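Residue-level structure breakdown
Okay, here's what each chain looks like letter by letter:
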There are 2 protein chains.
Amino acid sequence: MSTASQAHDYEKLLREAGVRITRPRRTILRILSEGGDHPDALEIFRRASAIDPSISLSTVYRTMRLLEDKGAIHRHAFANGPSRFEQADSDHHDHLIDMDTGAVIEFRSDRIEALQDEIARELGYEIVFHRLELYGRKRRG
Amino acid sequence: MSTASQAHDYEKLLREAGVRITRPRRTILRILSEGGDHPDALEIFRRASAIDPSISLSTVYRTMRLLEDKGAIHRHAFANGPSRFEQADSDHHDHLIDMDTGAVIEFRSDRIEALQDEIARELGYEIVFHRLELYGRKRRG
DNA sequence: ATGCCTGCAAATTATTTGCATCCCT
DNA sequence: AGGGATGCAAATAATTTGCAGGCAT
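Criteria and thresholds
Residues numbered from 1 in each chain as written. Chains lettered and ligands numbered in written order. Predicted model: local features only at pLDDT ≥ 70, side-chain atom pairs only at ≥ 80, totals over all residues. Heavy atoms only, no water. UniProt positions renumbered as here; feature names shortened; annotations may be inferred. Phe/Tyr/Trp six-rings, centres within 6.5 Å; stacked < 30°, edge-to-face > 60°. Helix = DSSP H or I, 4+ residues; strand = E, 2+ residues; numbered from the N terminus. Contact = heavy atoms within 4.5 Å. Buried area = accessible area lost by both parts, 1.4 Å probe. Salt bridge = Lys/Arg side-chain N within 4 Å of Asp/Glu carboxyl O. Near = heavy atom within 4 Å. Polar contact = N/O pair within 3.5 Å; in protein donor to acceptor, adjacent residues only side chain to side chain. Nonpolar A, V, L, I, M, F, W, Y, C, P; charged D, E, K, R; others polar. Least-squares fit on C-alpha atoms with pLDDT ≥ 70 in both. Buried < 20%, exposed > 50% of the residue type's maximum accessible area, 1.4 Å probe, protein only.

The name given to chain A in an unreviewed UniProt entry is Ferric uptake regulation protein, with Aureimonas ureilytica as the source organism. According to the UniProt record, the Subcellular location (unreviewed entry) comment for chain A reads "Cytoplasm".

Structural data, given as structure tokens:
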């Protein structure tokens, strides 16, 4: 359970990577560091607009791509829907999507991670990244 | 290793489900039963056009949706790309995608399956379906 | 015959891009 | 100043849908 806390200083990291920190980028970075959820581009745009009405959706998309390239965020393509993003600072985890509410629950299993590596190795491959999503419903009590 | 073999008689199953077996549907069914790969709608449309030039892309999309609803095929949304389909007759398996060639390798691990159920249960959920995709590269030998 | 299906074109949704202008560094 | 970044609108890509006519049952 990582306490959201000190809005990771991506600004510094990005700046060092030669990325200009502009107003829209700062706004988007702030939004990403705040919510612990997985918003899509449109939702990020909405939240950003509330802070800076002049921001454009194109810039949101462009920024998400930039941040993804720099490794600052992860892009998720959950079943039937637009890409959803989350900051990359936290440890690796997988997702369980509540099919009724759309809520995303994060979890991690070292055993599953290890098994995946094992399987890939047996097939002669090296994993670069993976996607594990469980889609389910709350168990009736 | 399922020998492709006897083009599963989806026609009968669908007919019994009250679905009309039309020419385009028969063509698409045939294509799905042939290739053991994971074509997207456009690719299916191309193959279908070679057999019946009058078929339309809309019908391919409509048919894929119908077959998905009837449980005859599975829809996969691999990283950044259109949906890709595969017939549902074979046993459940997950996918390893070769990032260099785009090739899709199928595999199955009962241990991973079991671990997923366990994790979901601990979180108070019941899995309806899941997605596990490994993206990797051939190990330099 | 009757109503589900189809092809075609137009509409949607998600995302990208061209271009003139703006503003970080 | 200088060039990357932005907003806006137009362009793409993937998929869906309205409608008039066609075909399976």
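This next bit is on the packing of aromatic side chains. Per the stated rule, a full pass over the model turns up two aromatic pairs over all chains. For the pair Phe-129 of chain A and Tyr-135 of chain B, a centre-to-centre distance of 4.4 Å together with 5° between the ring planes defines the contact as stacked. In this pair, Phe-129 of chain A is assigned in strand S5 (residues 125-138) and Tyr-135 of chain B in strand S5 (residues 125-138), connecting two distinct chains.

Okay, the interface of chain B and chain A next. Contacts between the two partners involve 36 residues from chain B, matched on the other side by 36 residues from chain A. Sorting the residues of chain B by area buried against chain A places Tyr-125, Arg-131 and Arg-139 of chain B first, and these three jointly supply 23% of that buried surface. There are two salt bridges connecting chain B and chain A. Linking Glu-133 of chain B and Arg-131 of chain A is a salt bridge whose minimum nitrogen-to-oxygen distance equals 3.0 Å.

Close contacts around DNA strand D come from 19 residues, with Arg-20, Ser-54, Ser-56 and Thr-59 of chain A together with Tyr-61 of chain B the closest. Of all DNA strand D atoms lying within 4 Å of any protein atom, the proportion belonging to sugar or phosphate reaches 66%. Ser-56 of chain A has a polar side-chain atom sitting 2.8 Å from a phosphate oxygen of DNA strand D. A distance of 3.1 Å is found between a base nitrogen of DNA strand D and a side-chain nitrogen or oxygen belonging to Ser-58 of chain A. Mapped onto the surface near DNA strand D, the elements with two or more residues apiece are helix H2 (23-34) and helix H4 (57-69) of chain A together with helix H4 (57-69) of chain B. Within the surface near DNA strand D, the residues separate by chemical class into five nonpolar, seven polar and seven charged.

Attention now goes to the relation of the copies chain B and chain A. Here chain B sits on chain A after a turn of 180° about the axis and a move of 0.0 Å along it, with an RMSD of 0.1 Å. Classification of the inter-copy transformation places it as that of a two-fold axis. In terms of proximity to the rotation axis, the leading residue of chain B is Leu-132 of chain B, whose C-alpha is 2.2 Å off the axis. Comparing interface residues between copies, 100% of those in chain B also sit at the interface in chain A, which points to an isologous, same-surface contact.

The UniProt entry lists His-92, Asp-94, Glu-113 and His-130 of chain A under the feature "binding site: Fe cation" (unreviewed entry), expressed in the numbering used here. With the annotated positions falling across 39 residues, the maximum pairwise C-alpha distance of 10.5 Å places them together in a single cluster. Topologically, His-92 of chain A is positioned in the loop between strand S2 (84-87) and strand S3 (94-98). Those residues in contact with His-92 of chain A that lie beyond four places of it in its chain are Arg-108, Glu-113 and His-130 of chain A. According to the relative accessible area criterion, His-130 of chain A is buried, its value standing at 14%. Ignoring sequence-local partners within four residues, the contact set of His-130 of chain A consists of His-92, Asp-94, Glu-113 and Gln-116 of chain A together with Glu-133, Leu-134 and Tyr-135 of chain B. A polar atom in the side chain of His-130 of chain A sits 3.1 Å from the side chain of Asp-94 of chain A.

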